[in-house]
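The lines below spell out each chain.
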Amino acid sequence: MKPVTLFSVDRLFLAAAHVKAPPNQIEESLEDDRPEQSDVDKSKQLSIRDIVDLQETGFTVRIQPPGTESFELQVSGQLLVAELHQVLMEHEITCHRTCFSLHLGGSPLDGLTELRSIQGIQDGALIKVVEDSYSVRDARLHLRHVRDLLRSLDPADAYNGVNCSSLSYLSFYTRDKDGESVGNRRASEKESVACRPPEYILPGCKDRPLTPLQPVRDDWKPLQCLRVLTMSSWNPPPGNRKMHGDLMYLNVLTMEDRELNITSSTRGFYLNQSTAFNFNPKPAVPKILCHSLVELLSQVSPAFRKTFSALQKKRVQQHPYERIAGPFQVFTWIAPQGDHSLDCVRAEETHTSRMGQDEHTAGQSRDWNEELQGCRELTRNSLQDRLHRERSIFKTNSDFVEAATRGAVAVVDGNLMPLNPGEAPHMQMFIWNNLFFSLGFDISEHYSPLGGNTAAHAAAICDLRGAQAYTSVDIEGLHTLGTAVVDYRGLRVIAQTIVPGILEKNQEQSVVYGSNDYGKTVFTHPRFLELLDKTSKPLRIQRHQVLDHRNSPVELCSGIETKGILGNDGRPYILDLLRTFPPDLNFQFSETEERGEVPKECQSFGYPRRHHHSLANLRSELIEAFVQHRLLTVIVINIIQYFVSYFTLVEFQRRNVIMKACKAVGSVSDSCFDIRFNPNVCSPGVRFSSECVEEVQRQRQLLWDGAAFLLSNQIPALRDCLDHTAVPVDGATLTSVLHQRGVNVRYLGTLLRELDRMEERGRLSHIQRISISEVIIRSAKHIFRTYLQDVEPAAFSAAVSHFLNCLLSSSSCFPDSCSDELLSRRRSRRRRSHGSRVALLTDSVWAKLTPSELWGRIRTEAGDYYDYTIDSESIDEVLEKHSLQRISLLREMAIKTGIQVQLREYVFESRHRPVFGEEDVVNMFPVVKHLKPTGTDATRLVQHAQVAVQQGLLKDGYELISQALTLFSSVCGVLHEDVCMCLRLLGRISYILGEYADALSHQERAVMSSERVQGIDHPQTIQDYTHLALYCFAGGRLATSLQLLYRARYLTLLVIGEDHPHVALLDSMLGLVLHGLMEYELSLKFLQNAFILTSKYHGATSLKHAHSHHLLATVYESKGEFRSALQHEKEAYSIYKSQVGEDHDSTKESSDYLKSLTQQAVILQKAINHIYSNTPTSCIPPPKFSRPSLPTILQQLNLTCGIILIPLSAKEIADLRTELKGKTTKNNTELD
């Protein structure tokens, strides 16, 4: 009988995924004790009433392309006609067509219409593909599409970070050479499994090769359909040829070395009689006119026809998740040095001066502000309205981010004309494609009271966080600017949409709310006050008064730097949102604070301390945690007094009790707990009236309480990493863990000191290693930023490689790292040169940097910014002392700064030559931060689903997450973190319910999505590979499971090394899978390493360690080494007995297994004695060496991964079915 789960919660659900509800106000009124409907019931109402239509409006239509047979296509009712057009451009049969319209019953379909709203549409309806006439724009799009088809299997776009392409390698491990899914071949894999991994994956190996990171199949070879496809030099067509419909001319060199000159006309494509030096646009013989370029090339080139057919076959075998473009560009930090090939589309896009114009609207600039604000103003009454609105916002924002990134790169590269060319370069501003660009420097000393250039650099991110907060609150009628922050080549570029009319007057004249000079002049406006007041509850901002330049009180509901501007379009805009969150008083720019008001908790940690700027703010996660903690604390103190006296006191006395409780909490209300913060109490230049002194002092105390709470509660709360609910693997995941607890990264030094004080610091040594690595790399990044600003453009690769050598190389001499490719090495040629000399690159400031100087600056920065003292005199000492890997540091540095290095093996230990040469720095990419809109309804459903799963309602949770997946996919597309998270949860629930095929399907898509969206070596991708390996084993696909685990182990070794808790999990799983394949020696290698790591990170007396003992015992038993097996199982029994008692199932099972091992050991010994005695006696039965059963190994794998399946009796299953049937009937009744 299939095991059924009675109750199961694992950390996949306990760990609140990055999905968060919009900030909301927590109000706890002591008088309000009305019963509330459960979260699951509320979500049911939403799902049953609104979402059932979304999941049941799919149907089948027949598509009739011209000249071929019709085919069936499954479509969704929510699909727009324009989206169906895009689907057909990707379909195998119609992929070569771009310029067509869709007709139903002889009438053309409107592109912006949903299929379900079309009159006459039904299951089996025939939709005809009708060829349209080309325009120049259509011809260019067609050419681009053909280029994309021809390069669809080429990873060059992903390496180069263009066209939203990114890498995915899952199919390398799950599909065979013919493209068939390995999952379809389940039979007797044991005989054909290549179990032994490469040496670099085995425990104890110190080699960390990079080449396997981006594997290539042995049989893979690029499919080249054409030698050259390029624009002709005869473009554009002369006037007389335009009259004949000519749009452009193309040159093609086929694989048969035949040169073709092709005319693109309004009717299609045909060969003309032109040559390289003779223009003759007349059609060539034979006269072939094809509507598609692919059709024409297939007719005139047999090699093209054959190769394109093979390419199509391979392209269709790819999973859709591997082919489609993501919403945002993902850059890879390492790539092979590829050949640069001819590409007419790339060349045309670069050189036809379309800077600032979208390729789909050539010749036009998009009004980004109007598009973004128009999307936000769409109606949001019904679920369909909200989905349409959120989908529009998401798509427009992703297009905006792409345009902003392109513009920022153009700014840094010097390709744009500034608005103020007479100013210094760092003060210049730009307008491009209706976007405003400025640099992260202190212009006109605007930020000098806050910290100058450092404050200006930090202000961009603070402003972005503020914009994200107001966007999440989503108050109707309040508008924020589209914002993106791009770090590229040492410069920070801020891209924003433009408020209509703001360029026609000075900003001082435009501001009707807030202050433009830090409180010297302050304005307020009733319309802004009304709108901002609606945001004050969820954002916990207190409405307050400040004094203006006339000493008159002015009411504000935001930080004083927040400016309100009424645009010419009549919309109210808020900008400069850097003070949205309250200040962190532990870090201060000026030392004017009175030490008397500093809490003892802060003083004991050495705070407050001087910071580089005064924009250090508390995180929203900390504020919510602080409010929750404050409420719970005061409720405990007051609740007894309240309930004891509730029936004896009269009404006004009850109110007094509530008022005292609210006052103790610091609530702004005297009838409910409502804690808010004044963001201006510590702002320089802000003045308050004498009547507000007491209130301001109370607000300052509240800020100090929050700062103390961070130090005394949240940083020590990282002890929960001891139970491995959170397991950071690299700098990004450590940062995420800190941020979830509201701890800023600037507290890393404090965190490291706390780790040193902990008794169990050995079990958190991986956190210490990652934290030290993060301090070093972030300090190096700060230095690298200013270092690059002095580098001339021709020397970027030399400068970056020189910096990396100073940081990571063991060699102290770099003879070739600063070479200049334009500097001749022959004296005679130098003497013959009469032109101007190229300045020597080695004379530059950056070239004089030495490893010792860089290390000294890193130590200084670590002390100043992170308050952490690095005692070591060189990076080699730190690496040896803390067991850090140079390759891991290189990965972190490259990801954080946008460096792309060449994919090759680096010899870091060489003392005589530098590690990096100029050719090893392949590229530099922008590092982009932007707003992240998502689906609000889907987010709520996921939160309800997590509650349902934690209550054991797995079916309910599955339904809710399925509905959330539908909504997220509708809003964000399938390549998105939220979709990936839903697929991951669905896979886990399916697995727990025993639906292994569903679990595999969901998890396979989750892995590909994670690779495409987050990166092939991101820790989340590694975890997804691990889960997929478990599901593959459960489905009987042992070979695939083993390869996936090897891949996960390799990636983990590369990212963090072998000394990590996740390696213990992987090695336990590998040992079990190899045990199932009867590879006992290999199994022991991995299990012994897992045993050592489990003892270190879980403790020698933990249940995990007992389980490791048991796993080793089972393998030794299978090998017939009963003495070792008995020794390990005795240790396991001892731990179980001391931890859970003799009556626990685990202890009893261990006891029974010990008896079995003892009996087998006795039988074996008797057999051995009988052999050596040479005495003729009765035959002694040979000992039985147990062969591992796959169900038993799967059970052990589940325990290793923290999944507990509780088998139920037949009666319990029947009762459960009855209960589920009753729930279904109830739901159906609600639906009716």
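Residues numbered from 1 in each chain as written. Predicted model: local features only at pLDDT ≥ 70, side-chain atom pairs only at ≥ 80, totals over all residues. Heavy atoms only, no water.

The name given to the chain in an unreviewed UniProt entry is Clustered mitochondria protein homolog, with Dicentrarchus labrax as the source organism. Listed under Sequence similarities (unreviewed entry) in UniProt, the entry text for the chain is "Belongs to the CLU family." Annotation of the chain in UniProt includes, under Function (unreviewed entry), the sentence "mRNA-binding protein involved in proper cytoplasmic distribution of mitochondria. Specifically binds mRNAs of nuclear-encoded mitochondrial proteins in the cytoplasm and regulates transport or translation of these transcripts close to mitochondria, playing a role in mitochondrial biogenesis." (UniProt positions renumbered as here; feature names shortened; annotations may be inferred.)

Moving on, we get to the nonpolar core. Soluble globular proteins tend to pack their nonpolar side chains together in the buried interior. Formed by 227 residues in total, the largest nonpolar core has its most connected members in Phe784, Phe803, Leu807, Leu890 and Leu1030. Here this core takes eleven residues from helix H23 (residues 765–788), the largest share from any one element. Residue contacts for Phe784: discarding those within four places in its chain leaves Val800, Phe803, Met893, Thr897, Ile899 and Met924. (Core = buried A, V, L, I, M, F, W, Y, C linked by side-chain atoms within 4.5 Å. Buried < 20%, exposed > 50% of the residue type's maximum accessible area, 1.4 Å probe, protein only. Helix = DSSP H or I, 4+ residues; strand = E, 2+ residues; numbered from the N terminus. Contact = heavy atoms within 4.5 Å.)

Another aspect to go through is the environment of Ser168. Checked against the element boundaries, Ser168 lands in the loop between helix H5 (156–160) and helix H6 (170–174). Discounting chain neighbours no more than four positions away, the residues touching Ser168 are Glu322, Met1008, Glu1011, Arg1012 and Ile1016. Among the polar contacts made by the side chain of Ser168, one reaches the side chain of Glu1011 at a distance of 2.7 Å. (Polar contact = N/O pair within 3.5 Å; in protein donor to acceptor, adjacent residues only side chain to side chain.)

Let us look at the sheet that holds strand E14 (residues 483–488). Spatial ordering of the open sheet is given by E11-E12-E15-E14-E25, a layout of five strands whose pairing is antiparallel. Either end of the sheet is taken by a strand with one partner, and the two such strands are strand E11 (429–432) and strand E25 (927–930). Between one strand axis and the next, the sheet turns by 20° as a mean value, whatever way the strands run. By the bridge criterion, four bridges tie E11 to strand E12 (residues 435–439) in an arrangement that is antiparallel. The residue bridging Ile431 from the neighbouring strand is Phe436, located in E12. Against the sheet, helix H13 (residues 383–413) touches E11, E12, E14, strand E15 (491–497) and E25, its axis set at about 40° to E14. (Pairing = 2+ DSSP bridges. Axes fitted to C-alpha atoms, helices over the stretch in contact; angles between N-to-C directions.)

For E15, the buried fraction is high: seven of the seven residues fall into the buried class. Side chains of E15 alternate between two faces, with Leu491, Val493, Ala495 and Thr497 and Arg492, Ile494 and Gln496 buried alike. In terms of strand pairing, E12 meets E15 through five bridges, oriented antiparallel. Across the sheet, Leu435 pairs through a bridge with Thr497, a residue of E15. Inspection of the sheet shows E14 paired to E15 by six bridges, in the antiparallel sense. Bridging from a neighbouring strand, Asp487 pairs with Arg492 of E15. Turn length for the E14-E15 hairpin, with the two strands adjacent in sequence and antiparallel, is two residues, and the turn residue Arg489 shows positive phi of about 50°.

Applying the stated criterion to the full structure yields 27 aromatic pairs. With a centroid separation of 5.7 Å and 50° between ring planes, the pair formed by Tyr607 and Tyr747 is classed as tilted. Remark: Tyr747 occurs in the loop between helix H21 (731–740) and helix H22 (748–757) and Tyr607 occurs in the loop between helix H17 (600–604) and strand E22 (609–610); sequence separation between them is 140 residues. As far as the burial class goes, Tyr607 and Tyr747 line up, both buried. An aromatic cluster is present here, built from Phe172, Tyr173 and Tyr1025 joined pairwise through their rings. Just above the ring of Phe796 sits the side chain of Arg489; from NZ or CZ to the centre is 4.3 Å. (Phe/Tyr/Trp six-rings, centres within 6.5 Å; stacked < 30°, edge-to-face > 60°. Lys NZ or Arg CZ within 6 Å of the ring centre and 35° of its normal.)

Our next topic: helix H31 (residues 977–992). For H31, spanning 16 residues, the distance from its first C-alpha to its last is 23 Å, which sits close to the expected 22 Å at 1.5 Å a residue. The element H31 is extensively covered by neighbouring structure, given that 15 of its 16 residues are classed as buried. Downstream of H31 by a residue or two, Gly994 has a phi angle that is positive, lying close to 85°. (Expected span 1.5 Å × (residues − 1).)

The next thing to look at is the pattern of salt bridges. In this structure the tally under the stated criterion is 59 salt bridges. Between Arg315 and Glu90 there is a salt bridge whose closest N-O contact spans 3.4 Å. Here the residue Arg315 occupies a position in helix H9 (residues 302–317), and Glu90 occupies one in helix H3 (residues 81–90), the gap between them amounting to 225 residues. On the basis of relative accessibility, which here comes to 2%, the residue Arg315 falls in the buried class. One salt bridge connects Glu760 with Arg763, and the closest N-O pair in it is separated by 3.2 Å. Assessed through its relative accessible area of 19%, Arg763 is described here as buried. Among the ionic contacts, a cluster of salt bridges with common partners joins Asp730, Glu774, Arg778, Arg891, Glu892, Lys896 and Asp1017. (Salt bridge = Lys/Arg side-chain N within 4 Å of Asp/Glu carboxyl O.)

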